[in-house]
Amino acid sequence: MSAIWIAVIGASLTAFLNKYIGHSVPEQWLNKPRVIKINAFVPIVLLSALVAVQTFATEKELLIDQRAAGVAVALIALKFKASFPVVVLSAALTSAAVYNWF
Amino acid sequence: MSINPKTNPIDRTALSVAFTVGLYGAAFGAAGVTAGFSILQTCMLSLLLFSGASQFAVVGIMGAGGAAISAIATATLLGFRNALYGLQMAPILKVSGIKRVLAAQITIDESTAVATLQENDADRRRGFYITGVGVYIFWNLFTFLGALGASAIGDPSVWGLDAAVPAAFCGLIWPRLKNKTHFIVSTVAIAWALALTPISPAGIPIITTVILAVIFGLKK
């Protein structure tokens, strides 16, 4: 089995376990102030790190290219409260323009 | 149960959330194919994993050449919030057996959010199920269309897809940055990931930021 299939099936199983456990365990097991507080930061750190890597990394090398321009425009769009499709499209258009014309 | 968005405000909220969120599925479908997943593999993630941020993490990490184990670990940590949603929903839904399995699968940000907006348990259940099933249908439909569209395109950079994926992540993080601490934590995580990128295997710079979440979470 390829690594991608292992990731697809493995992550699907643990995702379901996460969901099912919540429905099945006594509330006091997970409902602890510390767990809740750490959990609030988990998506922020993981997703921020993902954005950074996807924007600036090509394998192990860091570089600034058309992706950074696209993401910068996405951040500006978010700052101006643009909707999700506008954010994604404006990033794609900017990146494509920089890639194709420079 | 009959659904009537014209007269029932819960149905209206649920369906509009389901459709809007479902549209993001197209971005995920495109991201999957851009990362080197087949259309089938991309669609399997939406059908089986069914949790947006975790799905994007899996394709993002595998696409960057990361190991399956770091994709699985990152997706699992991102999905832990669904366990907390399950805790909230269980006493309201009161289901067991196969019904609990199905309810668990649709326990996500959106279904829980719409449910918790309601005034009583009957409405909460209605909001939960219509939103959950609605997002499931639209998310999977648009994942397929997005994957199909992206596989028709050759080089993803020509169409800006290489920036569309991190931009989609920005859209997922933005609503979570509610105060100064959140911005600081986000910035530190970015610096950490970039610092580790040249010196560690792909996936490690991302998963290890959980250490930062623990440090900031335990801090007063």
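Not measured: the values here are computed from a predicted model.

Draft legend 1. Structural detail: the overall build of chain B. Within chain B one finds eleven helices and zero strands. Here the C-alpha radius of gyration of chain B, 18 Å, is about what a compact globule of 220 residues would show, namely 17 Å. With respect to the principal axes defined by its C-alpha atoms, chain B has extents near 55 × 50 × 35 Å. Here chain B, with 220 residues, has 52% of them falling under the buried criterion.

Draft legend 2. Looking closely at the side chain of B:Q41. Relative to the helices and strands, B:Q41 resides in helix α2 (residues 39–49). Classification of B:Q41 as buried rests on a relative accessible area of 7%. Those residues within four positions of B:Q41 in sequence are excluded, and the remaining contacts are A:S2, A:I4, A:W5 and A:V8.

Draft legend 3. Up close: the interface of chain B and chain A. Between chain B and chain A, the contact holds 88 residues from the first and 67 residues from the second. Both faces combined, the contact of chain B with chain A buries some 6,700 Å², and carbon together with sulfur accounts for 77% of it. Counting every contact that joins chain B to chain A gives zero salt bridges. Summed over the shared surface of chain B and chain A, the result is 15 residue pairs in polar contact (both at pLDDT 80 or more). Among the secondary structure elements, those contributing two or more residues to the side of chain B that touches chain A are α2, α3 (52–63), α4 (68–93), α5 (97–105), α8 (161–173), α9 (180–196), α10 (204–207) and α11 (210–218) of chain B.

Draft legend 4. Focus on the domain arrangement of chain B. Residue and element names in this part refer to chain B. Here chain B is partitioned into domain 1 (9–176) and domain 2 (178–220). Put simply, the middle of domain 1 and the middle of domain 2, counted by C-alpha atoms, are 23 Å apart. Each side of the interface is counted separately: domain 1 has eleven residues, and domain 2 has seven residues. Here domain 1 and domain 2 share an interface that buries about 670 Å² over both sides, 73% of which is from carbon and sulfur atoms. For the pair domain 1 and domain 2, the number of links is zero salt bridges. Broken down by element, the residue count for the side of domain 1 that touches domain 2 peaks at four residues, all from α4. Grouping the constituent residues of the side of domain 1 that touches domain 2 by class yields six nonpolar, four polar and one charged.

Draft legend 5. Quick look at the environment of A:I38. Tracing the sequence through the fold places A:I38 in helix α3 (residues 33–56). Dropping the residues within four chain positions of it, A:I38 is found in contact with B:A213, B:V214, B:G217 and B:L218.

Draft legend 6. Representation of the packing of α4(B) against helix α6 (residues 109–116) of chain B. Residues and elements named next belong to chain B. At their nearest, the axes of α4 and α6 sit 10 Å apart, and the two run at 30 degrees to each other. Helix-helix and strand crossings are classified by hand; for α4 and α6 the assignment is left-handed. Together, R81, N82, Y85, Q88 and M89 of α4 and D109, T112, A115 and T116 of α6 make up the contact between the two elements. Looking at the contact of α4 with α6 residue by residue, the classes come out as three nonpolar, four polar and two charged.

Draft legend 7. Layout of the packing of α6(B) against helix α7 (residues 121–152) of chain B. Residues and elements named next belong to chain B. α7 packs onto α6 with a crossing angle of 155 degrees between their chain directions and a minimal axis gap of 7 Å. Taken together, the axes of α6 and α7 are roughly antiparallel relative to one another. At the point where α6 passes α7, the crossing takes the right-handed sense. Together, E110, S111, T112, V114 and A115 of α6 and R124, G127, F128, T131, G132 and V135 of α7 make up the contact between the two elements. Grouping the amino acids of the contact of α6 with α7 by side-chain chemistry returns four nonpolar, five polar and two charged.

Draft legend 8. Looking closely at the confidence of the model for chain B. Residue-level pLDDT values for chain B average 91, and 100% of them are 70 or greater. Ranking the elements of chain B by mean pLDDT puts α8(B) last with 84 and α2(B) first with 98.

Draft legend 9. Spotlight on the nonpolar core. B:F37, B:L45, B:V58 and B:M62 are the most contacted members of the largest nonpolar core, which totals 78 residues. Among the elements that take part in this core, α3(A) stands out by supplying eleven residues, more than any other. Leave out the neighbours within four places in its chain, and B:F37 touches A:I4, A:V8, B:G32, B:T42, B:L45, B:V58, B:V59 and B:M62. Judged by nonpolar contacts, the second largest core, of five residues, contains A:L30, B:A83, B:L84 and B:L87.

Cut-offs used in this document
- Residues numbered from 1 in each chain as written.
- Chains lettered and ligands numbered in written order.
- Predicted model: local features only at pLDDT ≥ 70, side-chain atom pairs only at ≥ 80, totals over all residues.
- Heavy atoms only, no water.
- Helix = DSSP H or I, 4+ residues; strand = E, 2+ residues; numbered from the N terminus.
- Rg over C-alpha atoms; globule rule 2.2 N^0.38 Å.
- Buried < 20%, exposed > 50% of the residue type's maximum accessible area, 1.4 Å probe, protein only.
- Contact = heavy atoms within 4.5 Å.
- Buried area = accessible area lost by both parts, 1.4 Å probe.
- Salt bridge = Lys/Arg side-chain N within 4 Å of Asp/Glu carboxyl O.
- Polar contact = N/O pair within 3.5 Å; in protein donor to acceptor, adjacent residues only side chain to side chain.
- Domains from an automatic or database assignment.
- Nonpolar A, V, L, I, M, F, W, Y, C, P; charged D, E, K, R; others polar.
- Axes fitted to C-alpha atoms, helices over the stretch in contact; angles between N-to-C directions.
- Left-handed = near helix turned anticlockwise from the far one by under 90°.
- Parallel < 35°, antiparallel > 145°, perpendicular 65-115°, else oblique.
- pLDDT = per-residue confidence, 0-100.
- Core = buried A, V, L, I, M, F, W, Y, C linked by side-chain atoms within 4.5 Å.

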